[in-house]
Amino acid sequence: MTTIRCDIVGAESEIFHGQAKMVIATGEAGELGIAPRHAPLITRLKPGQVRVQLENGEEQCFYVSGGILEVQPQVVTVLADTAIRARDLDEAAARRAKENAERLLANRADAVEIAQAQAELMQAVAQLRAIEQLRKQLKH
Amino acid sequence: MAGAREIRTKIKSVANTRKVTRALEMVSASKIRKAQDLMRASRPYARAMRQVAGHVARANTEFKHPFLTEREQVKRVGYIIVSTDRGLCGGLNSNLFRKLLGEIREWHDKGVEVDIVAIGSKANVFFRRLKVNLVGSATHLGEKPKIEQLIGVIKIMLDGYSTGKIDRLTLAYNDFVNTMTQKPTLDQLLPLPPSDTLATAHDWDYLYEPDAESVLGHVLTRYIESLVYQSTLENLASEHAARMVAMKSAGDNAKKAIDSLTLVYNKVRQAAITQEISEIVGGAAAV
């Protein structure tokens, strides 16, 4: 029986890889069933399930919140979005990033967050310097 | 004896410093592992993404996406700068910023303006003091950066490129070579350099659903996002490695200071004892 390699990867981790009899996903233009020797195809995915029929007839199900499906002669690749993506949400994220920068620009006073350890180290450096001087004095 | 007591207090405080640096060193040593795991986990996606982008860039002949075409005139350039949120990591950030400053100056000399997006507070603090245009920032990504946290800043730059506001986009980060070495790296993102998209030539084309233009745009956007995400993880691993090394050398220095202080302390103490004895002997002789 012919099979096709199937890789499902998310941006932050690998989700699935193995041989499949058929891969079923929800494309932008409708449900897709990819069997071995499918023509090369690339499409965006809609949020939904990706089902993989394994060699032994078992079926594995994955939820993707969007992504890209690519079909090559030997391999089906699903690039899954882990994040929930929509045009509006992306727009909001961009706006937030911009506001973040603007706020920082407006707030000229150094709002640098200094970890406590950093303060302690600064103190230590000053102390070390004082010690150096003390040592020099003692030598004379 | 007053001198001796002073020195003893100093020794104690340096010993405390040493404890702090050692603690920080050990914390970084454990975090670096996790950062490396994250890097490894996200690699399959980056690899798959690169393949798909490579295929796409080569496969389609009738449509050329703007992300792939070089522009003749460059009036404004964009930089995405990945830095750390915290300090105490040696010269990690300053090395990267120094490299960038050289480039920015070159652009300014040519009369080209520079837009900057800062990831990490250090870049934020550093670049807002300069005469550059800070258009976006993302800070406090934590130990486990999520791609959601970066979407916004990347979109600002990609939109800028599509609308013609910027004509080139570069990514700056510290490449994690190994624990001892982190390399400040500048990668051109847009237009995608041909070496990145160079795959074996195809004489076939994809079936596109719904159409070539939108799918291509989508793929390339995701590709760039994955590059930026990957570089953030690299930078995170670099941060911990650099901090570990910096704290180690700080600890070593503290140890050296303690040693030499102990020597001085012993000498002072001995001198006091000698003086006391000679005073007693002198006194006894006088009686």
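Residues numbered from 1 in each chain as written. Chains lettered and ligands numbered in written order. Predicted model: local features only at pLDDT ≥ 70, side-chain atom pairs only at ≥ 80, totals over all residues. Heavy atoms only, no water.

1. Some points on the overall build of chain B
Scanning chain B from N- to C-terminus turns up 6 helices and 6 strands. Secondary structure elements of chain B occur, N-terminal to C-terminal, as α-β-α-β-α-β-α-β-β-α-β-α. Relative to a compact globule of 287 residues, whose C-alpha radius of gyration would be 19 Å, chain B shows 28 Å and is clearly more extended. Overall size of chain B, expressed as C-alpha extent along the three principal axes, is 115 × 40 × 30 Å. Scored against the burial criterion, the 287 residues of chain B give a buried share of 51%. Contacts spanning at least 24 positions in sequence make up 77% of the contacts within chain B whose residues lie at least 6 apart. Across chain B, the mean location of the 41 positive side-chain charges is 11 Å away from that of the 31 negative side-chain charges. (Helix = DSSP H or I, 4+ residues; strand = E, 2+ residues; numbered from the N terminus. Rg over C-alpha atoms; globule rule 2.2 N^0.38 Å. Buried < 20%, exposed > 50% of the residue type's maximum accessible area, 1.4 Å probe, protein only. Contact = heavy atoms within 4.5 Å. Lys, Arg positive; Asp, Glu negative; His and termini not counted. Charge placed at Lys NZ, Arg CZ, Asp CG, Glu CD.)

2. So, the packing of aromatic side chains
All names here are of chain A. Going through the model one piece at a time under the given rule, you end up with 6 aromatic pairs over all chains. Between Phe-16 and Phe-62 the ring centres are 5.4 Å apart and the planes differ by 50°, which places this aromatic pair in the tilted class. One end of the pair, Phe-16, is in strand E2 (residues 14-27); the other, Phe-62, is in strand E5 (residues 59-64), and 46 residues separate them in sequence. The burial state of Phe-16 is the same as that of Phe-62; both residues are buried. (Phe/Tyr/Trp six-rings, centres within 6.5 Å; stacked < 30°, edge-to-face > 60°.)

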